[in-house]
Structures are given as C-alpha cells and as structure tokens.
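Commentary on secondary and tertiary structure
Listed below, chain by chain, are the residues.
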Amino acid sequence: MTTEYKQRATIASPVAHIAEANQLALALGESAADDKTFNTAAWQDAEGNLYAVSSTVAKPIFAQIAGQPLQAPEHAPDMDLAAATHAQALLQINGGIANPDVIAVILGGRLESAQDHIAALGLERVQQEGLI
C-alpha cells in the first residue's frame, strides 16, 4: 500500500490557544471538520499547564506548508485567517518540550508512536478522580 502520508505529526496546543490552533488546522487541513482538531485539554506538563493534543499522519511537506503564508481553503472560505496566522507564529516544530508560549509539534515517521511523541513533548495525561 502506498500513501502520501509518510509522517506523524503530534501537536500540543496550550489551552489558551486552542481556538487559534483549530483555525490553523482548518487552514492546513483538508476538511471543514478540521476546526474541531483540538478540543479537551487532557494533557499537562510538569508545571501543570494544560494542553489539547492531536496526533495524525501528515504529508512530508507539512513543515514547509505550515511555514508559508496562509490562505482560506476552499472547504472553509470564511475561516478566521487572523487567528490561524497567530497560531502559525506560535508553531515550534521539533523544538523540544511543550510550553504555554508555543504550539509544539513533533514530526516523525508515520509509524512512530503518538505516545512516544507526547512523552517527547514532556506531557502526561491529566489524572481524573474516579478513573483508574
């Protein structure tokens, strides 16, 4: 089986930037539903800062496209381009652990584990009472 999606992109958006990160996902994605990429902030760093995380397969040109000037795609002509551009300015690709001032991205091979990427971002699942 041949696929264009040869990378795994794991992205951590700080809770304060979820709406903007969703607009960036909409601009870079292929579906009108991409504005729902980041939802629950269920991950935290060592300081307790919260993040919404998404891990997906991506095309090898992801990093290049993510750095180019954004345009509203055909599937979302009325998207918030200003919010997406602000999120784009916060992108940190393969630059280390997540922090509240960046939208951190780990790019790797398509078959790499999302859990390994999340660990590399320095994040752990938020522990909820009543869950084992």
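The structure under discussion appears in the preceding block.
Residues numbered from 1 in each chain as written. Predicted model: local features only at pLDDT ≥ 70, side-chain atom pairs only at ≥ 80, totals over all residues. Heavy atoms only, no water.

A closer look at unusual backbone geometry
As a rule of thumb, non-glycine residues mostly have phi less than zero, and peptide bonds are mostly trans rather than cis. In plain terms, the rule: The numbering of helices and of strands both runs from the N terminus, where a helix is a DSSP run of H or I of at least 4 residues and a strand a run of E of at least 2.
Its identity as a non-glycine residue notwithstanding, Asn 94 has a phi of 50°, on the positive side. Counting through the fold element by element, Asn 94 comes out in the loop between strand 4 (91-93) and strand 5 (103-109).

Some remarks on helix 3 (residues 81-90)
Where we set the bar: The buried label goes to any residue with under 20% of its type's maximum accessible area, the exposed label to any with over 50%, and the partly exposed label to all in between, with areas taken from a 1.4 Å probe on protein chains only. When we speak of the arc, we mean the arc of directions from the helix axis to the C-beta atoms. Between two residues, a contact is recorded if the distance between any of their heavy atoms is within 4.5 Å. Throughout this description, a polar contact denotes any pair of N or O atoms lying within 3.5 Å of each other; where both atoms belong to protein, one of them has to be capable of donating a hydrogen while the other can accept it, and for residues adjacent in sequence the pair is counted only when both atoms sit in side chains.
Of all the positions in helix 3, only Ala 83, Ala 84, Ala 87, Gln 88 and Leu 90 are classed as buried. Relative to the axis of helix 3, the buried residues are bounded by an arc of 155° and lie together on one face. Across from the buried face of helix 3, at angles greater than 90 degrees, the exposed residues are Ala 82 and Ala 89. Lining the buried residues of helix 3 we find helix 1 (18-28), helix 2 (62-66), strand 4 and strand 5. Structurally, the start of helix 3 carries an N-cap: the backbone nitrogen of Ala 82 is 3.3 Å from a side-chain oxygen of Asp 80.

Looking at the side chain of Arg 8
To be explicit about the condition: A residue counts as positive if it is Lys or Arg and as negative if it is Asp or Glu; His and the chain ends are not included. By definition, a salt bridge exists where a carboxyl oxygen of Asp or Glu is found within 4 Å of a side-chain nitrogen of Lys or Arg.
Locating Arg 8 in the fold gives a position in strand 1 (residues 7-14). In this structure Arg 8 is buried but unpaired, with Glu 112 as the nearest side chain of opposite charge at 7.2 Å. A distance of 3.0 Å separates a polar atom in the side chain of Arg 8 from a polar atom in the side chain of Ser 55. With residues near it in sequence (within four places) discarded, Arg 8 still touches Ser 55, Thr 56, Val 57, Ile 106, Leu 107, Gly 108, Gly 109, Arg 110, Glu 112, Ser 113, Ala 114 and His 117.

Brief notes about the packing of helix 1 against helix 3
Applied cut-off: What counts as an axis is a line fitted to C-alpha atoms, over the stretch in contact for a helix, and the angles between N-to-C directions run from 0 to 180 degrees. These descriptions rest on fixed angle ranges, namely under 35 degrees for roughly parallel, over 145 for roughly antiparallel, 65 to 115 for roughly perpendicular, and the rest for oblique. When residues are grouped by polarity, Ala, Val, Leu, Ile, Met, Phe, Trp, Tyr, Cys and Pro land in nonpolar, Asp, Glu, Lys and Arg in charged, and all others, Gly among them, in polar.
Following both chains from N to C, one finds helix 1 and helix 3 inclined at 100°, their axes separated by 7 Å at the closest point. On the basis of the axis angle, helix 1 is roughly perpendicular to helix 3. Contacts between helix 1 and helix 3 involve Glu 20, Ala 21, Gln 23, Leu 24 and Ala 27 from the former and Ala 83, Ala 84, His 86, Ala 87 and Gln 88 from the latter. Split by residue class, the contact of helix 1 with helix 3 holds 6 nonpolar, 3 polar and 1 charged.

Some points on the sheet that holds strand 4
Here is the rule: Being paired, for any two strands, means DSSP has found at least two bridges between them.
The sheet built from 6 strands is open, its strands ordered 4-5-1-3-2-6 with mixed pairing. The strands lining the two open edges of the sheet, one partner per strand, are strand 4 and strand 6 (124-125). As paired strands, strand 2 (residues 43-44) and strand 6 are joined by 2 bridges and run antiparallel to one another. Directly across from Trp 43, in strand 6, lies its bridge partner Arg 125. Against the sheet, helix 1 makes contact with strand 1, strand 3 (50-58), strand 4 and strand 5, and its axis sits at roughly 150° relative to strand 1, the strand it touches most. Contacting strand 4 and strand 5, helix 3 crosses the sheet at an angle of about 40° to strand 4.

Some remarks on the side chain of Asp 45
Position of Asp 45 among the secondary structure elements: in the loop between strand 2 and strand 3. For the buried Asp 45, which has no salt bridge, the nearest side chain bearing the opposite charge is Arg 125, at an N-O separation of 15 Å. Reaching out from Asp 45, the side chain makes a polar contact with the side chain of Tyr 51 at a distance of 2.8 Å. What Asp 45 contacts, discounting residues up to four positions off in sequence, is Tyr 51, Ala 98, Pro 100, Gly 122 and Leu 123.

In short, geometric facts, not functional conclusions.
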